[in-house]
Every structure is written in structure tokens, then in C-alpha cells.
Amino acid sequence: MKPSEAEIKKKRRQLRLRGTYHIIWGVLYLILPVVLFYMQTMDKLQINSGLAVVICILMFLYGIFRIWRGSKDLSIAKSFVS
């Protein structure tokens, strides 16, 4: 059974929204480690330096992953036919 045009548009809209959501959160996860690292270097955040570096790296990598996943969803939405 072939999906109707309305179902296809709804699925495409959901994929675009989810992709945009992932990209926005990915950008935030890229900005947050920079702020955390800056606060650590200016001694405004009392946390072990090694722990701060590990947290920054993990958050940065997770941000890259979220952006990749969002762009993947957007490309699927663009080519979504059925």
C-alpha cells in the first residue's frame, strides 16, 4: 500500500524538524566546551584540569555527532519519497 501525499509530507516535515533539532543542539554542544575551557583557564570554575579537558573533548565530539546526525536526517528528508 502506497502512502498518501499527506503522509509523505508529514514524515518529511518530521525528519526536517528532527534534523534541525539535532543541528541546533550540536552547535550548543560545540559552544559549551569552549565556554567551559575558558572558565577553567580564567579560574572561574573550580574543577580538576584533567576532568575539565575530558568533559570538553567528550562534549565537543558529541556535538559533532549531533550535527552529523542532523545533516543525515535533513538529507533523508530531502530525498524522502515513500
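See the structure shown above.
Residues numbered from 1 in each chain as written. Predicted model: local features only at pLDDT ≥ 70, side-chain atom pairs only at ≥ 80, totals over all residues. Heavy atoms only, no water.

**Student:** Give me the lowdown on helix H2 (residues 49-79), citing residues and values where you can.
**Tutor:** Across its 31 residues, H2 extends 45 Å between first and last C-alpha, which sits within 8% of the 45 Å expected from 1.5 Å per residue. Of all the residues in H2, the buried ones are Ala 52, Cys 56, Met 59, Gly 63, Arg 66, Gly 70, Asp 73 and Ala 77. For H2, the secondary structure elements touched by its buried residues are helix H1 (5-41). (Helix = DSSP H or I, 4+ residues; strand = E, 2+ residues; numbered from the N terminus. Expected span 1.5 Å × (residues − 1). Buried < 20%, exposed > 50% of the residue type's maximum accessible area, 1.4 Å probe, protein only. Contact = heavy atoms within 4.5 Å.)

**Student:** Please give an account of a positive patch on the surface that cites residues and values.
**Tutor:** Among the surface-exposed residues, Lys 9, Lys 10, Arg 13 and Arg 16 lie close enough to one another that they form a single positively charged patch. For Lys 10, the position within the fold is in helix H1. The exposure class assigned to Lys 10 is partly exposed, which follows from its relative accessible area of 46%. (Patch = residues over 30% accessible without salt bridge, like charges linked within 9 Å, V, L, I, M, F, W, Y side chains within 5 Å. Areas by Shrake-Rupley, 256 points an atom, 1.4 Å probe, with all protein chains shown as cover. Salt bridge = Lys/Arg side-chain N within 4 Å of Asp/Glu carboxyl O. Lys, Arg positive; Asp, Glu negative; His and termini not counted. Charge placed at Lys NZ, Arg CZ, Asp CG, Glu CD.)

**Student:** Explain the environment of Met 59 to me, using residue names and the numbers behind them.
**Tutor:** Within the secondary structure, Met 59 sits in helix H2. C-alpha of Met 59 to C-alpha of Tyr 29: the two residues are 30 residues apart in sequence and 5.7 Å apart in space. Sequence-distant contacts of Met 59, defined by excluding residues within four places in its chain, comprise Tyr 29, Leu 32 and Pro 33.

**Student:** Help me get a handle on the side chain of His 22, residues and values and all.
**Tutor:** Note on placement: His 22 falls in helix H1. Owing to a relative accessible area of 9%, His 22 belongs among the buried residues under this scheme. Filtering out sequence-adjacent residues up to four positions away, His 22 remains in contact with Arg 66, Ile 67, Arg 69, Gly 70 and Asp 73.

**Student:** Report on the pattern of salt bridges, specifying residues and quantitative values.
**Tutor:** Inspection of every chain in the model, using the stated rule, returns 1 salt bridge. Salt-bridge contacts for Asp 73 lead to Arg 18; the nearest nitrogen and oxygen are separated by 3.1 Å. On the criterion of sequence distance, the pair formed by Asp 73 in helix H2 and Arg 18 in helix H1 is long-range, its members being 55 residues apart. Judged by its relative accessible area of 7%, Asp 73 falls in the buried class. Classification of Arg 18 by relative accessible area gives partly exposed; the value is 43%.

**Student:** How would you explain the packing of aromatic side chains if you had to name every residue and give the values?
**Tutor:** According to the stated counting rule, one finds 5 aromatic pairs in the structure shown. Look at Tyr 21 and Trp 25: their rings are 6.4 Å apart centre to centre, the planes differ by 65°, and that puts the pair in the edge-to-face class. Placement of the pair is Tyr 21 and Trp 25 together in helix H1, with a separation of 4 residues, close to one helical turn. Seen in terms of ring centroids, Tyr 29 and Tyr 62 are 4.9 Å apart; in terms of plane orientation they differ by 90°. Their pairing is edge-to-face. With a gap of 33 residues between them, Tyr 29 in helix H1 and Tyr 62 in helix H2 connect regions that are remote in the sequence. An aromatic cluster is present here, built from Tyr 21, Trp 25, Tyr 29, Tyr 62, Phe 65 and Trp 68 joined pairwise through their rings. (Phe/Tyr/Trp six-rings, centres within 6.5 Å; stacked < 30°, edge-to-face > 60°.)

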